[in-house]
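# Coordinate inspection notes
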Amino acid sequence: MKDQVLPFEKPVIELKSKIAELKKFTSESDIDLTSEIKKLEDRLEKLESEVYGNMQPWDRVQMARHSNRPTTLDYINEIFEDFVELHGDRLYGDDEAIVAGVAKYNGTPVTVIGHQRGKDTKENIRRNFGMPHPEGYRKALRLMKQANKFNRPIICFIDTKGAYPGKAAEERGQSEAIARNLKEMAGLTVPIICIVIGEGGSGGALALGVGDHIYMLENSTYSVISPEGAAALLWKDSNLAQRAAESMKITSYDLNELGIIDGIIPEIRGGAHRNVAEQANNIYETLQKSLQKLTSYSKDELLEQRWEKYKKIGAYTTL
Amino acid sequence: MLKDFFSKKRKYATIPREEAKQDIPEGLMKKCPQCKQIFYRKELNNQLQVCPNCDHHHQMSAWERIHMLFEENSFVEWDRDMISENPLEFPDYVEKLEKDRQKSGLNEAVVTGKGIIDQYETAFAVMDARYRMGSMGSVVGEKIARAIENAREENLPFIIFTASGGARMQEGVLSLMQMTKTSVAIERFSRAGGLMISVMTHPTTGGVSASFASLGDYNFAEPGALIGFAGRRIIEQTIREKLPDDFQTAEFLMKHGHLDKVIHRHDMKRTLSILLEIHQPGGES
């Protein structure tokens with residue numbers, strides 16, 4: 001698969017290909033360019049840390065949507081053992097925009113649930129671009145309740161543009177499905193850890209997002225509406241998405257500052273897709289610390305802390 | 001012709017002076033948006049804002065609802081002075097809030113409190129679509145969560161009338177998180193055995209329909225109310241087909257099994273009163 005190059009990282013990619021060219025040239029001819037190559041490599045190092053160290057909100061939006069960005073299943077394969085996928089909501093169907101199942105994390109049984117995008121058109125059609133219908137949320141809830149019954153921690157990966165805005169989704173109660181998940185998740189007495197790995201789009205993301213700990217990958221976003229949607233609504237011009245990305249405060253750094261998430265999981269330079277195994281390892285370590293802490297709480301403590309956590313989110317004052 | 005000399009043909013129209021325009025009391029009459037008939041506002045008031053001709057349920061303000069349901073002087077308001085901040089420093093947001101405060105006489109898009117319906121005391125929240133389209137920002141979420149907590153602590157039922165376009169864009173992800181906050185509050189209340197009744201009125205969409213509005217032990221709606229998750233235009237663009245006229249109406253939701261009942265406004269108080277009685281601690285012996 002050809003690597004998708006994002007506009008802001010173009011200088012890096014160009015320099016990289018130049019170095020590769022020189023290397024090829026050196027190996028094929030008698031002229032020794034080793035010192036020039038070394039110089040360029042030093043320059044690349046500098047350029048990379050400059051470009052990836054100064055990513056703007058819009059750059060991160062594009063990174064979160066990168067076509068090669070690791071998906072829920074990619075991380076499941078790396079992080080967990082013995083994953084058994086489970087299907088269906090027992091009411092209507094099986095929504096492949098959400099994957100869910102049981103697995104082991106470092107030997108401990110857990111339930112894993114996440115939005116699932118496709119990486120190409122064919123898979124995206126099958127996964128409905130990671131935009132769930134009500135049956136997806138109901139499948140997730142069914143398996144969360146199962147986890148609760150058998151006292152397994154729940155780990156959710158969030159990666160969706162939003163719940164699917166379609167006729168059938170409305171007929172089958174998209175609102176009710178999301179609302180029910182919010183309420184029921186609040187009452188589960190097992191630890192719930194949520195990790196935003198790509199786009200966290202509005203209510204459709206939130207329906208897997210009521211956690212005791214919420215983390216975001218460094219280049220993921222979490223927002224009430226897409227930057228394009230916000231621009232269209234607020235300024236009647238979806239071309240102002242870049243500006244909206246800045247003013248809506250949707251990056252991991254913004255949410256951390258707003259006190260909504262519990263931490264940022266650092267991404268490897270150039271984005272998670274550069275090395276899935278390494279990125280998965282970062283997530284693995286965060287999960288370890290998080291689980292250690294959460295499993296030390298009693299059921300009542302979990303419920304109380306969950307309430308305290310959400311109770312304090314908001315900005316208001318009195319006249 | 002000779003008579004042309006005497007006829008006064010005006011070549012221009014006179015626009016009445018500002019003062020003259022205001023001679024007619026504002027809003028003496030109101031046109032029904034559905035059947036286009038014009039009624040005296042007083043007549044509509046007597047009919048609880050239901051069109052005498054076509055039964056269209058006009059939107060009601062928060063306080064009209066309170067007066068419609070509660071015993072006189074029984075309603076005590078909570079958190080009246082709570083107002084929004086501008087956490088994302090959104091341009092013009094503060095001015096818009098102030099403008100709506102003037103227009104609606106409310107400090108935010110929801111009024112909460114407790115009072116007596118017939119003889120039953122209940123906690124109550126009612127949204128007002130005239131304030132920022134009833135959108136949910138931090139204050140709406142906080143006031144509703146507090147009202148639910150008060151209901152839990154005082155062992156009262158909780159009734160909510162929703163009217164909202166959804167989350168408030170200007171407060172970004174903080175608005176989104178109000179969906180969670182209110183839902184967690186409802187779960188706590190529900191676990192303690194609390195009764196919640198949700199009445200969805202026109203319009204109840206987006207983040208509000210996808211949180212507390214759908215979480216009552218009873219979910220009701222007023223006739224003709226628009227209720228849904230995604231906007232009609234967005235859906236039409238997504239699926240590239242025209243949607244039926246009744247799409248996302250209360251009746252549509254009822255048909256698809258998402259509502260307990262569509263209740264005519266004239267029957268609202270009585271129905272709520274019956275349910276409150278049924279849920280009295282200990283029940284009827």
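Bear in mind the structure is a predicted one, so any value in this text is a computation, not a measurement.

Conventions used here
Residues numbered from 1 in each chain as written. Chains lettered and ligands numbered in written order. Predicted model: local features only at pLDDT ≥ 70, side-chain atom pairs only at ≥ 80, totals over all residues. Heavy atoms only, no water. Helix = DSSP H or I, 4+ residues; strand = E, 2+ residues; numbered from the N terminus. Rg over C-alpha atoms; globule rule 2.2 N^0.38 Å. Contact = heavy atoms within 4.5 Å. Areas by Shrake-Rupley, 256 points an atom, 1.4 Å probe, with all protein chains shown as cover. Axes fitted to C-alpha atoms, helices over the stretch in contact; angles between N-to-C directions. Parallel < 35°, antiparallel > 145°, perpendicular 65-115°, else oblique. Patch = residues over 30% accessible without salt bridge, like charges linked within 9 Å, V, L, I, M, F, W, Y side chains within 5 Å. Salt bridge = Lys/Arg side-chain N within 4 Å of Asp/Glu carboxyl O. Lys, Arg positive; Asp, Glu negative; His and termini not counted. Charge placed at Lys NZ, Arg CZ, Asp CG, Glu CD. Buried < 20%, exposed > 50% of the residue type's maximum accessible area, 1.4 Å probe, protein only. UniProt positions renumbered as here; feature names shortened; annotations may be inferred. Buried area = accessible area lost by both parts, 1.4 Å probe. Polar contact = N/O pair within 3.5 Å; in protein donor to acceptor, adjacent residues only side chain to side chain. Nonpolar A, V, L, I, M, F, W, Y, C, P; charged D, E, K, R; others polar. Pairing = 2+ DSSP bridges. Phe/Tyr/Trp six-rings, centres within 6.5 Å; stacked < 30°, edge-to-face > 60°.

Moving on: the overall build of chain A. Per the secondary structure count, chain A includes 14 helices and nine strands. Scaling as 2.2 N^0.38, a compact globule of 319 residues should have a C-alpha radius of gyration of about 20 Å, and chain A matches this with 21 Å. Taken over the C-alpha atoms alone, chain A extends approximately 70 × 50 × 45 Å along its principal axes. In chain A, 71% of the contacts between residues at least 6 apart in sequence involve partners at least 24 apart. Counting only carbon and sulfur atoms, one obtains 49% of the accessible surface of chain A, whose full area is about 13,800 Å².

Bringing the packing of helix α5 (residues 138-154) of chain B against helix α6 (residues 172-191) of chain B into the picture now. Residues and elements named next belong to chain B. Contact geometry for α5 and α6: axes closest at 9 Å, N-to-C directions at 5°. In terms of orientation, α5 and α6 fall into the roughly parallel class. Here Ser 138, Gly 141, Glu 142, Ile 144, Ala 145, Ile 148, Glu 149, Ala 151 and Arg 152 of α5 lie close against α6, whose contacting residues are Leu 174, Gln 178, Lys 181, Thr 182, Ala 185, Ile 186, Arg 188 and Phe 189.

Attention now goes to the side chain of Arg 60 of chain A. Checked against the element boundaries, Arg 60 of chain A lands in helix α3 (residues 57-64). Residues in contact with Arg 60 of chain A, not counting those within four places in the same chain, are Met 55, Glu 218, Asn 219, Thr 251 and Tyr 253 of chain A.

The subject of this paragraph is a positive patch on the surface. Residues Lys 236 of chain A together with Lys 96, Lys 99 and Arg 233 of chain B make up a contiguous surface patch of positive charge. Tracing the sequence through the fold places Lys 96 of chain B in helix α4 (residues 93-104). A residue is classified by how much of its surface remains accessible, and Lys 96 of chain B, at 34% relative accessible area, is partly exposed.

Time to look at the UniProt feature "zinc finger region: C4-type" (unreviewed entry) in chain B. With numbering matched to this structure, UniProt assigns "zinc finger region: C4-type" (unreviewed entry) to residues 32-54 of chain B. The span residues 32-54 of chain B is 26% helical and 13% strand by assignment, and the distance between its end C-alpha atoms comes to 9 Å.

For the rest of this paragraph, the subject is the interface of chain B and chain A. Accessible area lost on assembly of the parts is the figure often given for the size of an interface. Counting from both sides, the interface comprises 55 residues of chain B and, opposite them, 48 residues of chain A. In total, chain B and chain A occlude about 4,700 Å² of area from one another, counting both sides; carbon and sulfur atoms represent 73% of this. For the chain B face of the interface with chain A, the top three residues by lost area are Met 169, Met 177 and Phe 229 of chain B, together amounting to 14%. For the pair chain B and chain A, the number of links is one salt bridge. A salt bridge links Glu 304 of chain A to Arg 188 of chain B, with the shortest nitrogen-to-oxygen separation between them at 3.3 Å. On the surface where chain B and chain A come into contact, there are 15 residue pairs in polar contact (both at pLDDT 80 or more). With 17 residues, α6 of chain B is the largest single contributor of residues to the side of chain B that touches chain A. A per-class count over the side of chain B that touches chain A returns 28 nonpolar, 17 polar and 10 charged. When strand β9 (residues 316-318) of chain A meets strand β4 (residues 82-84) of chain B, the two strands line up antiparallel, connected through three bridges. Opposite Tyr 316 of chain A, over in β4 of chain B, you have Ser 84 of chain B as the bridge partner.

Our next topic: the packing of aromatic side chains. Within the structure shown, the criterion is met by 13 aromatic pairs over all chains. Aromatic pair Phe 80 of chain A and Phe 157 of chain A: ring centres 6.4 Å apart, planes at 75°, arrangement edge-to-face. Highlighted residues: Phe 80 of chain A in the loop between α4 (72-79) and β1 (81-85) and Phe 157 of chain A in strand β4 (residues 154-160), separated in sequence by 77 residues. Taken individually, Phe 80 of chain A and Phe 157 of chain A each receive the classification buried, so the pair is uniform in this respect. Ring plane angle 55° and centroid distance 5.7 Å describe the contact between Phe 124 of chain B and Phe 161 of chain B, whose orientation is recorded as tilted. You can see Phe 124 of chain B sitting in strand β6 (residues 120-127) and its partner Phe 161 of chain B sitting in strand β7 (residues 158-164), a full 37 residues away along the chain. We note that Phe 124 of chain B, like Phe 161 of chain B, is buried. One aromatic cluster in this structure is built from Tyr 75, Phe 80, Tyr 105, Phe 157 and Tyr 284 of chain A.

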